[in-house]
Amino acid sequence: MRWSWAPKRYARRRLAFLCAVVCALSACAPGANGGGKRRLSIATGGTGGVFYPYGGGIAKVITESLPNVEATAEVTAASIDNLKFLQQGTSDLAFTMSDAAQDAVLARDDFKEFGPIPLRTLAVLYSSYTHLVTLADSGINDVAQLRGRTVSMGAAGSGTATLGYRILEAAGLNPKQDIRPQSLGVAQSVDALKDGKIDAFFWNGGLPTASVLDLVNTPRIRARFIATDSMLPQLEKAYGPSLYYKAIIPKGMYQQDTDVPVVGVAVLLVVSETMPEGLAHDITRVLFEKQPELATIHPQAKVLSVKTATTGSPIPFHPGAIRYYRTQQAWTN
């Protein structure tokens, strides 16, 4: 009798253990939890930029407005990594500069080996401004004078780095030979400039960027912002006439005495083409219904409007977003 029931008892225990493992794995799976909520991950950027606080605001209004949906903003290196996360399924929404999105769809440059990513736009959020920042006594007055200097090009995996290298090439510089590049996020770039470890840094972001404000508010630091708009003809020749455009960092934004004309590029909120149409529609709707609240979280959200959200994306819009824009008479295609 002893050996007749012991294997059965062992089998029952083993079955119970396997069931417990399966349940635990199910609870940890993306999009699932004990309350049956759908979890959404929003890939943003570094804590010193605009993507992260803006993304945190979007996560907040989605969670509060959509039943059984919980969204979280994730710190990332920004655009390029964000789009790869979408393809890998580890993120559901992503902030990206439009040039990175176009590269991803075309499997160009940073995505050549990774392969094409089927992205869809929910909204054009705002213009991103190329900040090329140095110190007033650096002797750097234009892009060409970065030759021989130590320059932070932005974090690896960021859209800042991609555009920064393109601007150097437009100025006739060879990024591999003519500068000493560093790969630092904006907060780290600011600290390195303060400490004299770099001569200048690129940063592509909205206005104002918290880390750049920190720089200009530091005692005994006098920053200089370098104009980059003269690079536009070469950029347009290489990448088309509508991807990059002239933008202005207004006088006084960072305590500077004059307007600074720079290269601008649109910032998009994108998803995978596989996102359900109803969910894409509801997220887009919440963005505009809660726009006043988003604007209290970050001032860059003040420019979010259905009138501008459909202009400037080089990749297709998601059908769910299009359905919302049609209800607002904002889609003419």
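Scroll up a little and you will see the structure.
Throughout what follows, the structure given in this document is the object of discussion. Since the model is a prediction, treat every value here as computed from it, not as a measurement.

### Topic: the pattern of salt bridges
Summed over the entire model, instances satisfying the criterion amount to 13 salt bridges. Aspartate 178 serves as the salt-bridge partner of arginine 147, at 3.3 Å between the closest nitrogen and oxygen. Placement of arginine 147 in the loop between strand S4 (119-135) and strand S5 (150-152) and of aspartate 178 in the loop between helix H5 (159-170) and strand S6 (180-182) is noted, with a sequence separation of 31 residues between them. Residue class for arginine 147 comes out partly exposed when judged on its relative accessible area of 48%. Under the relative-accessibility criterion, aspartate 178 is labelled buried at 15%. Of the charged contacts, one joins glutamate 289 and arginine 285 as a salt bridge, the two residues approaching to 3.0 Å between their closest N and O atoms. Taken together, the positions of glutamate 289 and arginine 285, both in helix H9 (residues 277-289) and four residues apart, correspond to about one turn of that helix. The class of glutamate 289 is partly exposed, set by a relative accessible area of 47%. Among the charged side chains, a salt-bridge network with shared partners connects Asp103, Arg108, Asp109 and Arg166.

### A closer look at the packing of helix H2 (residues 51-65) against H9
At their nearest, the axes of H2 and H9 sit 10 Å apart, and the two run at 110° to each other. Between H2 and H9, the angle falls in the class roughly perpendicular. Like other packed secondary-structure pairs, H2 and H9 cross with a definite hand, here right-handed. Across the interface between the two elements, Ile58, Val61, Ile62 and Ser65 from H2 touch Ile283, Val286 and Leu287 from H9.

### Brief notes about the pairing of strand S7 (residues 200-205)
With respect to burial, S7 is a largely interior element, six of its six residues being buried. The pairing of S4 with S7 spans six bridges and is antiparallel. Directly across from tyrosine 129, in S7, lies its bridge partner glycine 205. Relative to S7, S5 runs parallel, the two being bridged by two bridges. Within S7, the position partnered with valine 151 by the bridge is alanine 200.

### So, unusual backbone geometry
Put simply, leucine 207 and proline 208 share a cis peptide bond, and its omega is -15°. Following the sequence through the fold, proline 208 ends up in the loop between S7 and helix H7 (210-216). Look at aspartate 109: it is not a glycine, yet its phi comes out positive at around 55°. Along the polypeptide, aspartate 109 turns up in the loop between helix H4 (98-106) and S4.

Thresholds applied
- Residues numbered from 1 in each chain as written.
- Predicted model: local features only at pLDDT ≥ 70, side-chain atom pairs only at ≥ 80, totals over all residues.
- Heavy atoms only, no water.
- Salt bridge = Lys/Arg side-chain N within 4 Å of Asp/Glu carboxyl O.
- Helix = DSSP H or I, 4+ residues; strand = E, 2+ residues; numbered from the N terminus.
- Buried < 20%, exposed > 50% of the residue type's maximum accessible area, 1.4 Å probe, protein only.
- Axes fitted to C-alpha atoms, helices over the stretch in contact; angles between N-to-C directions.
- Parallel < 35°, antiparallel > 145°, perpendicular 65-115°, else oblique.
- Left-handed = near helix turned anticlockwise from the far one by under 90°.
- Contact = heavy atoms within 4.5 Å.
- Pairing = 2+ DSSP bridges.

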